[in-house]
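# Breakdown of the fold
Read off the chains here:
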Protein chains: 2
Amino acid sequence: MRIAIDAMGGDHAPAQIVRGAVEGLAFLGTGDELVLLGREDAVAAHLPADASVRRRITIQHCAETIEMDDSPVEALRQKKDSSIVVMARLAAEKQVDAVISAGNTGACAAACQLKMRTLGSVQRPGIAVIIPSFSGPLTICDVGANVAPKPHHLLQYAQMASAYAETILKIHRPRVGLLSIGSEDAKGNPLVKQTRELIKQDASIHFIGNVEGRELFAGACEVAICDGFVGNVVLKLTEGLADGLFKTIKREIVSERPDLIKDFEPVIKAVWARHDYSEYGGAPLLGVDGICIICHGSSDHRAIKNAVRVAVEYVKADLNRIITERLTEEPVNV
Amino acid sequence: MRIAIDAMGGDHAPAQIVRGAVEGLAFLGTGDELVLLGREDAVAAHLPADASVRRRITIQHCAETIEMDDSPVEALRQKKDSSIVVMARLAAEKQVDAVISAGNTGACAAACQLKMRTLGSVQRPGIAVIIPSFSGPLTICDVGANVAPKPHHLLQYAQMASAYAETILKIHRPRVGLLSIGSEDAKGNPLVKQTRELIKQDASIHFIGNVEGRELFAGACEVAICDGFVGNVVLKLTEGLADGLFKTIKREIVSERPDLIKDFEPVIKAVWARHDYSEYGGAPLLGVDGICIICHGSSDHRAIKNAVRVAVEYVKADLNRIITERLTEEPVNV
């Protein structure tokens, strides 16, 4: 098994990425290998001298780096020798079994979609993010790969994300909800209404109907399906709101009860730790012919280590074969 | 001035609604009047005996009540003598200057849209909710009236919500953001991209471009525009997430530091108070020919009192005339 990691991607690259990769070796078999993509000197500086590590990690030099705030389209066109572009090429050419990046999400998703084929009868890949909700991991698909999906795409997201939740998150028959604006069948926009009829017909999906934003993180379902625009708004709103609320609470304490702040900080840390996305090792780009794990830009070594773990489990479980078998081909008359 | 209030609507009806109405009399002139709609005995039971109050509050008996979980479409068809249906009719017939309800939001919005005409060249009314964000009130339009809008509808939401924020919230030249999934112009779904081009051409709007979910509550703009499906998801997600986070923090304290709970509760109360939506008196249904303020189902007397205040300000400022003057008519070739 060979797994390629974009060593230049993310807010803490390359130091935390390389550290996470080294820690991730623990999940690999003896013959397996990691390939770190990036500027050779910058990456090598963070590798331990230990020969047993060096033997299982190769650095593949890439002269360019796509920055976090680069425009994805421009960057992919201009930076052909960047770690992200090279990573997507290695995956497309099946030189590696899986790729991992905490870099520019848009560029990473676009590069993999452009270079890799889609899997079996998949029409459009989707990004599935795993959010540590108040009642366990919630898989939301899509969160930005496909901003104008058709009902059949959402059906395939339900099939693929269910397979992921079962296989990687070990959730038995995950309940699938369709993100909408009311629980009754009549609620929703045209896309949601058409998708509901499609998903209902697939007995392999444990479909519970519509879920609302209010109950999304409260255990209404284990898999939530939505279009990539809505999913991306949900994801970023969640981050912004959680961050803002904690800051507001802290400011209130600092201003009104400064004596409490030292007691309160461990509480907040414990809550954060319990809802630590890095546990889940990043967001798989489901539906490409290969394995691509997209990590959060702020990933630290633990997130990268867990991404390696997930990639290894993904390969070993042969999840893409499971997905291919489950997928419904689009009926000719749709 | 006459303002009708649905006395049967909301989780705390009729007690809190009637109490809020009585408190709201403070904002009315001596010749002005409130009309409480609902079951006469139930409403009267909560009215003080005070003759100066009774003189300015009329009860209009409605035999039926639309429940919070009734299907809006069914309820409007079957409960013709409900407080919501009668309220919408009074508004449509211009028997009252404004109406207020904390009842079934879907039924209230639908009844007013069905019975009242649209204002001037408005094509589709939109619900504008005012959220007490981390940096002041944020007006989001639409949050559910129109789940499949056209770009021109969103342009009109920007125009109407700007006028509301200026006139009622007293925000000078409110910055308007278009809710999207990245700040660059190229980001978004087809609706957002087309809307951006339209809004850019209107010099009366202080348009700042796309805003992302992450920065939505952090002061990026004072008015955010989105389709009603996305807006409704955002609204409910925000409620669910805030609620869940506070509960999680509290549970953590109860389990790990029970000695701290009595210190912590006032902090949480203060944070809630600072982000108290009831300050803003409900969500106006912008674009109907009349004034309809939709309050949160959990509204207490303060929320209703503030809704009366907002309704009075809305009438006095002649906001609908301002909106009519600002609205762009749809070009014939769009």
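Residues numbered from 1 in each chain as written. Chains lettered and ligands numbered in written order. Predicted model: local features only at pLDDT ≥ 70, side-chain atom pairs only at ≥ 80, totals over all residues. Heavy atoms only, no water.

Expressed as a screw operation, the relation of chain B to chain A combines 0.0 Å of axial shift with a rotation of 180 degrees, fitting to an RMSD of 0.0 Å. Read as a symmetry element, the transformation amounts to a two-fold axis. The rotation axis passes nearest to the C-alpha of Val 230 of chain B in chain B, at a distance of 3.1 Å. Here 100% of the interface residues in chain B have copies in chain A that are interface residues too; the copies meet face to matching face. (Least-squares fit on C-alpha atoms with pLDDT ≥ 70 in both. Contact = heavy atoms within 4.5 Å.)

What follows concerns the sheet that holds strand β4 (residues 98-101) of chain B. All names here are of chain B. What the 11 strands build is an open sheet, ordered β3-β2-β1-β4-β11-β10-β5-β6-β9-β7-β8; its pairing is mixed. Strands with a single pairing partner mark the edges of an open sheet, and in this sheet they are β3 (57-61) and β8 (206-212). The mean angle between the axes of side-by-side strands here comes to 25 degrees, regardless of whether they run parallel or antiparallel. Sheet topology places strand β10 (residues 283-286) next to strand β11 (residues 292-294); two bridges connect them, and they run antiparallel. Each bridged residue has a counterpart across the sheet, and for Pro 284 the counterpart in β11 is Ile 293. (Pairing = 2+ DSSP bridges. Helix = DSSP H or I, 4+ residues; strand = E, 2+ residues; numbered from the N terminus. Axes fitted to C-alpha atoms, helices over the stretch in contact; angles between N-to-C directions.)

What follows concerns empty space enclosed by the protein. Counted according to the given criterion, the structure contains three cavities of 30 Å³ or more. In this model, the largest cavity occupies a volume close to 60 Å³. Ile 253, Leu 260, Asp 263, Phe 264 and Val 267 of chain A together with Ile 253, Leu 260, Asp 263 and Phe 264 of chain B together form the lining of the largest cavity. Looking at the lining of the largest cavity, the elements with two or more residues in it are α10 (261-274) of chain A together with α10 (261-274) of chain B. The biggest single contributor to the lining of the largest cavity is α10 of chain A, with three residues. Looking at the lining of the largest cavity residue by residue, the classes come out as seven nonpolar, no polar and two charged. Considered as a void within the structure, the second largest cavity measures approximately 40 Å³ in volume. (1 Å grid on protein atoms, 1.4 Å probe; cavity = no way out; pocket = protein on both sides within 12 Å on 5 of 7 lines; lining within 4 Å. Points joined across faces, edges and corners; volume = space filled by probe spheres on them. Nonpolar A, V, L, I, M, F, W, Y, C, P; charged D, E, K, R; others polar.)

Here we take up unusual backbone geometry. The omega torsion of the bond from Ala 13 of chain A to Pro 14 of chain A falls at -5 degrees, within 30 degrees of zero and hence cis. Its location among the elements puts Pro 14 of chain A in the loop between β1 (2-6) and α1 (15-24). Residues Cys 141 of chain B and Asp 142 of chain B are joined by a peptide bond in cis, for which omega reads 10 degrees. Within the element layout of this structure, Asp 142 of chain B appears in the loop between β6 (136-141) and α7 (151-167). Although it is not a glycine, Asp 318 of chain B adopts a positive phi angle of roughly 55 degrees.

The next thing to look at is the nonpolar core. Ile 140 of chain A together with Ile 140 of chain B are the most contacted members of the largest nonpolar core, which has 246 residues in total. In this structure, Ile 140 of chain B is in contact with Ile 127, Ala 128, Val 129, Ile 131, Leu 216, Phe 217, Ala 224, Cys 226 and Val 234 of chain B, ignoring residues within four places of it in sequence. (Core = buried A, V, L, I, M, F, W, Y, C linked by side-chain atoms within 4.5 Å. Buried < 20%, exposed > 50% of the residue type's maximum accessible area, 1.4 Å probe, protein only.)

Note that all results are geometric; they support no functional claim without further evidence.
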